[in-house]
Amino acid sequence: MDKVEKQFEDFIDNIKLDDIPSAEHRDELEQDLLIVLTKPSRQKGQSLKIWRLLMKTKIAKLATAAVIILAVTLIIPFGKTISPAWAIEQSIQALDRFKAVSFEGWESERTWIENGSLELRPYKSWAVANEDQTKVEKYRTEVEGYLILTTNGQKTWRYDPKRNTVRIEDRPYTAGEYWCGSRFLQQLKEGRDNGLLTRWEVTYGKDPAKGRERIFLKTAWLDERYNGPRSLRLEFDMESKLPVRLRQWENADWEGPATVIVEKITYHTILPYELFEFEIPEGATVIEP
Amino acid sequence: MVMNVGRQKLRSVARVDDEKKIDDDVRIVVRSQCDPAAFVRLYREYYDAVFRYCAHRLFERTTAEDITSEVFLKVVKNFESFRGNEQQFRNWLFRIATNAVNQHLRKTARRSGMLKIVREQANDRTTDGEASSEKWILLRDAMRALRPRYQTIITLRFFENMKLTEIAEVLDSSPGTVRSQLARALVRLQKILGPRFADESEDIKNGQSRKTI
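What counts, and at which threshold
- Per-chain numbering applies: the sequence of each chain, read as written, is numbered from 1 onward.
- In the order they appear in the text, chains get letters beginning with A and ligands get numbers beginning with 1.
- Confidence filtering applies because this is a predicted model: local features only for residues at pLDDT of at least 70, side-chain atom pairs given and counted only at 80 or more, and all residues used for totals across whole chains, interfaces and linings.
- Side-chain figures throughout are based on the complete set of non-hydrogen atoms in the structure, without hydrogens or water.
- Only DSSP runs of H or I with at least four residues qualify as helices, and only runs of E with at least two residues qualify as strands; both kinds are numbered from the N terminus onward.
- Contact between two residues is taken to exist if any of their heavy atoms lie within 4.5 Å; hydrogens are not considered.
- The classification of residues rests on relative accessible area computed with a 1.4 Å probe and restricted to protein chains. Under 20% of the type maximum is buried, over 50% is exposed, and intermediate values are partly exposed.
- For two strands to be treated as a pair, DSSP must find no fewer than two bridges joining them.
- Here the expected span of a helix is defined as 1.5 Å times the quantity of residues minus one.
- A simple way to read buried area is as the amount of 1.4 Å-probe accessible surface that goes missing from two parts once joined, with both sides added.
- Salt bridges are counted wherever a side-chain nitrogen of Lys or Arg sits within 4 Å of a carboxyl oxygen of Asp or Glu.
- We define a polar contact as two N or O atoms separated by no more than 3.5 Å, with the added condition that, inside protein, one atom must be a possible hydrogen donor and the other a possible acceptor, whereas residues neighbouring each other in sequence contribute only through side-chain atom pairs.
- Every residue is assigned a pLDDT by the predictor, reflecting its confidence on a scale from 0 to 100.
- Among buried residues, the Ala, Val, Leu, Ile, Met, Phe, Trp, Tyr and Cys ones that are joined through side-chain atoms within 4.5 Å form a nonpolar core.
- As a rule, the C-alpha atoms of each element are fitted with a line to give its axis, helices using only the stretch in contact, and angles between N-to-C directions run from 0 to 180 degrees.
- Small angles under 35 degrees read as roughly parallel and large ones over 145 as roughly antiparallel, with 65 to 115 read as roughly perpendicular and the rest as oblique.
- Crossing handedness: left-handed means the near helix sits turned counterclockwise from the far one by under a right angle, and right-handed means the same turn made clockwise.
- Under the scheme applied here, ten amino acids are nonpolar (Ala, Val, Leu, Ile, Met, Phe, Trp, Tyr, Cys and Pro), four are charged (Asp, Glu, Lys and Arg), and all others, including Gly, are polar.

So, the environment of B:Ala97
All names here are of chain B.
Part 1 of the argument: Mapped onto the elements of the fold, Ala97 is located in helix H4 (residues 86–127).
Part 2 of the argument: Along the backbone, Ala97 and Cys54 are 43 residues apart, and their C-alpha atoms lie at a distance of 7.1 Å.
Part 3 of the argument: Beyond its immediate chain neighbours, meaning those up to four positions away, Ala97 contacts Val50, Tyr53 and Val71.

Right under this line is the structure:
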C-alpha cells in the first residue's frame, strides 16, 4: 500500500458511519423477495387470477377491503381510555415509515348473502402509496373466484373469472382513494379526542400462535355519516407498534360475524411492480372502453 | 524424488479441492435459482455487504436501504439468467449495486439538487454539531465530488477491503486500470480534503489520539 493510500485509510479510520444493517429492513426485504420468488414468477396465472379491487365493481362496497373501508370510516371521531404503556401516537409514527402494505383475510357484503347465510370470501390486497403518502397509487386485490382488480397507477385491469372477461381502463383506478396508513390511525385518534367514538378500550395480551406481545384496541361509532354503526377491533404488535390484524362489524357492539376480517397485515419497503400489472389469461375476452 | 512426488500429490489434491469448491459454489447458486429457501440463505449472506456498500456510497441510511431493496429485487428478477459460482455472484451483486447507486445519484442530482443540499445542510447541523460530523461531512462531500467510477473504486477498496483484482472483476476491468484509477481518485481526494488528509497520519505517527466522530 502506498503512502497516499495509507493516508486515506488513516483519514477514514475512525469516522463513524451509519452503516450497521438493520435487522428490521433485512427481514422485510426478505419477505418481499419471497413474495416475488414464490408468486409472480412461479405461480403466474394461479394466484394472480384471483384478485380484485374494490370501489367500483358490483361487489363494490364489498366490505371495501380493509384498506379502503378503513379510509372511509376513519374520518370519524372517537373515544376515551388511553393505556399508559401504549399510545396510538407510537403506532402512527411506526406506520409513517411504510409506503407499501399487504392484507390477507376474509370479507363479506350483504349482497353476498346466499342461502340465508353471510358468506365470507378470502381476499388478498396489496397497496402502495404515492410519494407523500396521501393517496393509493398502486393497488391490487383479489377475491377468490370473484375478481382480480389491479392498477399500476396508469392503467386498471378488472378480471371477472366467472365470465372470463378483462375490462381494461386507461386510468388509475384508485386515484381518488387516499392512503390510509398512519392517517387512518390519526383519524381514529381525532375521533377519540373529539368524542365521536363511542368506545375506546385498550387491552394487552399475547398472540397465541407466536407468543408475541400484542395490544388490542376496541372502538366503535354510531354516526351514520361514517357508515355507522360500526365497531372495530385492531391488534397491534407491541414491539413494532404496527397494526397486524383487524376486524370490523356492522354494529357498534362487536356482535355476530365480522364483515371485514384482516388476518394478516404485512408492511413492505417496496412491492414489485409486476404485482400491479395484469397478464391476460388465455381465451379471456378483453373489453376496452 | 520422493519430495517431488509428494508436492505433486499435494498440488493435485489442492487442485481437486479447489475444483470441488468451485463446483460447490456453482451448485449453491444453481440451487438458489430454483429453491427460494436456498436463495434466502444466499440473500442473508450478502445483505449486509450490499447494504454497507450502499451506505458508504450514499452516506444516508434510508436511501441505502431503498437501494439495497432495489438491488435484491433486480437480482431476483434476473437471477434465472445468471450463470456462475458464488464469487461471480458476489461480483454481479456489487455490479448491480454500483449501477443502482450511480443511477440514484444521477437522478437525485438532476431532480432535486438544491432541495437536497438544503436538507442535508439542515441535517448536518443537527447531527451532533461537533468535530465528528465535520469529518463525516468532509468525507461525504469529497466522495461526491469524484466521478462515480472513482467513488466505486474507493468504496470497494477502503470500505469493503477488496483487492484490486476483485474490484477489477466487479468493474469488468483489469487490475492495472483499477490501480491507476485508484491512484487518480486518491490524488483528487487529497486535493479536496487538503491538509486534513495528511494530518491524520501525522497524528498517528506522533502517537496522538484521534477524535472519534
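A short note on the pairing of strand S1 (residues 100–107) of chain A
Residue and element names in this part refer to chain A.
Part 1 of the argument: Summarising burial for S1: six of the eight residues are buried, a large majority.
Part 2 of the argument: Pairing analysis gives eight bridges linking S1 to strand S2 (residues 121–129), with the strands arranged antiparallel. Bridge pairing in S2 places Glu107 opposite Arg121.
Part 3 of the argument: Sheet analysis places S1 next to strand S11 (residues 260–268), joined by eight bridges and oriented antiparallel. Considered in S11, the bridge of Glu104 is made with Lys264.

Concerning helix H5 (residues 181–194) of chain A
Residues and elements named next belong to chain A.
Part 1 of the argument: With 14 residues, H5 extends 20 Å between its outermost C-alpha atoms, agreeing within 8% with the 20 Å of an ideal straight helix rising 1.5 Å per residue.
Part 2 of the argument: Of the positions making up H5, those classed as buried are Gly181, Ser182, Phe184, Leu185, Gln187, Leu188, Lys189, Gly191 and Arg192.
Part 3 of the argument: Gly195 sits one or two positions beyond H5 and adopts a positive phi of about 80°.

Focus: the environment of A:Val286
Part 1 of the argument: Within the secondary structure, A:Val286 sits in strand S12 (residues 285–287).
Part 2 of the argument: When residues no more than four places from it in sequence are discounted, the contact partners of A:Val286 are A:Val166, A:Ile168 and A:Ile280.

A few points about the pairing of S11(A)
Residues and elements named next belong to chain A.
Part 1 of the argument: Counting buried residues in S11 gives seven out of nine residues, a clear majority hidden from the surface.
Part 2 of the argument: Inspection of the sheet shows strand S10 (residues 243–249) paired to S11 by three bridges, in the antiparallel sense. Each residue of the ladder has a partner; that of Leu246, found in S11, is Val262.

Topic: the interface of chain A and chain B
Interface size is commonly expressed as the accessible area that is lost once the parts come together.
Part 1 of the argument: Across the contact, 34 residues belong to chain A and 47 residues belong to chain B.
Part 2 of the argument: For the pair chain A and chain B, the two sides together bury roughly 4000 Å², of which 65% comes from carbon and sulfur.
Part 3 of the argument: Of all residues in chain A, the largest losses of buried area upon contact with chain B belong to A:Glu5, A:Phe8 and A:Phe11, amounting jointly to 18% of the total for that side.
Part 4 of the argument: At the boundary of chain A with chain B, the tally comes to four salt bridges.
Part 5 of the argument: We note a salt bridge from A:Glu5 to B:Arg157, for which the minimum N-O separation is 3.4 Å.
Part 6 of the argument: The interface formed by chain A and chain B includes nine residue pairs in polar contact (both at pLDDT 80 or more).

Focus on the pattern of salt bridges
All names here are of chain A.
Part 1 of the argument: In the structure shown here, the tally under the stated rule is 26 salt bridges over all chains.
Part 2 of the argument: Arg245 serves as the salt-bridge partner of Asp207, at 3.9 Å between the closest nitrogen and oxygen. Of this pair, Asp207 sits in the loop between strand S7 (199–206) and strand S8 (213–221) while Arg245 sits in strand S10; the two residues are 38 residues apart in sequence, bridging distant segments of the chain.
Part 3 of the argument: Residue Asp207 is classed as buried on the basis of its relative accessible area, which comes to 2%.

Concerning the side chain of A:Thr165
Part 1 of the argument: Looking at where A:Thr165 falls in the secondary structure, it is placed in strand S6 (residues 165–169).
Part 2 of the argument: Look past the residues within four positions of A:Thr165 in its chain and what remains in contact with it is A:Arg158, A:Tyr159, A:Asp160, A:Thr285 and A:Ile287.

Observations regarding the confidence of the model for chain B
Residue and element names in this part refer to chain B.
Part 1 of the argument: Summary statistics for chain B give a mean pLDDT of 74 and a share of 65% for residues scoring 70 or more.
Part 2 of the argument: At the low end of the mean pLDDT range in chain B sits helix H1 (residues 2–34), at 53; at the high end sits helix H6 (residues 148–159), at 92.
Part 3 of the argument: Between residues 124–129, whose pLDDT stays under 50, and residues either more than four places distant or in other chains, the model counts six contacts.
Part 4 of the argument: Predicted confidence is poor over residues 203–213, with pLDDT under 50, and the contacts of this stretch with residues over four places away or in other chains come to 21 contacts.

Looking at the environment of A:Glu107
Part 1 of the argument: Within the secondary structure, A:Glu107 sits in strand S1.
Part 2 of the argument: Through-space distance from the C-alpha of A:Glu107 to that of A:Val143 is 8.7 Å; in sequence the pair is 36 residues apart.

As for the nonpolar core
Part 1 of the argument: Formed by 64 residues in total, the largest nonpolar core has its most connected members in A:Phe8, B:Phe89 and B:Ile154.
Part 2 of the argument: In terms of residue count, helix H2 (residues 36–58) of chain B provides more of this core than any other element does, twelve residues in total.
Part 3 of the argument: Beyond its immediate sequence surroundings of up to four residues, B:Phe89 is in contact with B:Val29, B:Leu42, B:Tyr46, B:Val75, B:Phe79 and B:Phe82.
Part 4 of the argument: Counting 37 residues, the second largest nonpolar core, distinct from the first, contains A:Leu188, A:Trp200, A:Ile215 and A:Tyr226.

Quick word on the side chain of A:Glu5
Part 1 of the argument: Of note, A:Glu5 is situated in helix H1 (residues 3–13).
Part 2 of the argument: Classification of A:Glu5 as buried rests on a relative accessible area of 1%.
Part 3 of the argument: Apart from residues no more than four positions distant in its own chain, A:Glu5 is found in contact with B:Arg157, B:Phe158, B:Arg179, B:Leu182 and B:Leu186.

Some remarks on the packing of H1(A) against helix H8 (residues 175–193) of chain B
For any two helices packed against each other, one specifies the crossing angle of their axes together with the interaxial distance.
Part 1 of the argument: Running from amino to carboxyl end, H1(A) crosses H8(B) at an angle of 55°, the nearest separation of the two axes being 10 Å. As far as their axial angle goes, H8(B) and H1(A) are oblique. The interaxial crossing formed by H1(A) with H8(B) has left-handed handedness. Where H1(A) approaches H8(B), its residues A:Val4, A:Glu5, A:Gln7, A:Phe8 and A:Phe11 are matched on the opposing element by B:Arg179, B:Leu182, B:Leu186, B:Leu189, B:Gln190 and B:Leu193.
Part 2 of the argument: Classifying every residue of the contact of H1(A) with H8(B) gives seven nonpolar, two polar and two charged.

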